[in-house]
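# Structural overview for review
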Amino acid sequence: MPHLQPISLDALVTGATGAVAAIHVSPEGLVLRTSPGIDRDDADRWAAAMSALGAVSINSIGIVGVLTSGACPWSHSVIEDRFGQTLTLVGAPDRSMLAVVGAKGADLGQIAAQLIELADQGLAVAA
C-alpha cells in the first residue's frame, strides 16, 4: 500500500520498527543527509563503508545474474552482526545509496520496503 505522504529519513527512523538511524550518500560517497543524531565524523565513516559495500553488492549481484541467466538488479543488502543489529543498504536509480541501522529485532521487511520506496520517489524529499 503506497504512503499518502512521501517518506523522509526522519519519518523512516521514527516509523519503522527498530530503525535507529539513516543516511543518504551520493554515488561519489559524499554524505547528502542524515537522520538526527549522527555527527559529521560518524556520517563520513558511514559514507566510506557504504561506498565499499555498495560496490561489493553491485558486483556480486552481477555474478548471481550470470549464474541464474537472468537480470538481477541490486535492490538491497542486509548485514547483521552477531548481536542482531543490522545495516540495510538500498541503491537508488541515481546511483546514490540509502542505509538504515536497525536494532536487534528490527522489522527488516518494513525497513527495506520503506528504503526502496524512498529511493523510488527519486529522493526528492526533505531529510
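Above this note sits the structure.
The structure reproduced in this document is the subject of the present report. (Residues numbered from 1 in each chain as written. Predicted model: local features only at pLDDT ≥ 70, side-chain atom pairs only at ≥ 80, totals over all residues. Heavy atoms only, no water.)

### Overview of the pairing of strand β5 (residues 97-102)
Across the six residues of β5, five count as buried, placing the element largely inside the fold. The pairing of strand β1 (residues 19-25) with β5 spans six bridges and is antiparallel. Looking across to β5, one finds that A19 is bridged to G102. Two elements, strand β4 (residues 86-91) and β5, share six bridges in a ladder whose sense is antiparallel. (Buried < 20%, exposed > 50% of the residue type's maximum accessible area, 1.4 Å probe, protein only. Helix = DSSP H or I, 4+ residues; strand = E, 2+ residues; numbered from the N terminus. Pairing = 2+ DSSP bridges.)

### Brief notes about the environment of D39
Here D39 lies in the loop between β2 (31-34) and α2 (40-68). A relative accessible area of 42% places D39 in the partly exposed class. Here the side chain of D39 touches D42 through a polar contact of 2.7 Å, landing on its backbone nitrogen. (Polar contact = N/O pair within 3.5 Å; in protein donor to acceptor, adjacent residues only side chain to side chain.)

### A few points about the sheet that holds β5
If you walk across this open sheet you meet the five strands as β2-β1-β5-β4-β3, and the pairing is antiparallel. A strand with exactly one partner marks an edge of an open sheet, and here the two such strands are β2 and β3 (76-80). Sheet twist, expressed as the average angle between the axes of neighbouring strands with direction ignored, equals 20°. Docked against the sheet, helix α3 (residues 108-120) engages β1, β3, β4 and β5, running at close to 25° with respect to β4. (Axes fitted to C-alpha atoms, helices over the stretch in contact; angles between N-to-C directions. Contact = heavy atoms within 4.5 Å.)

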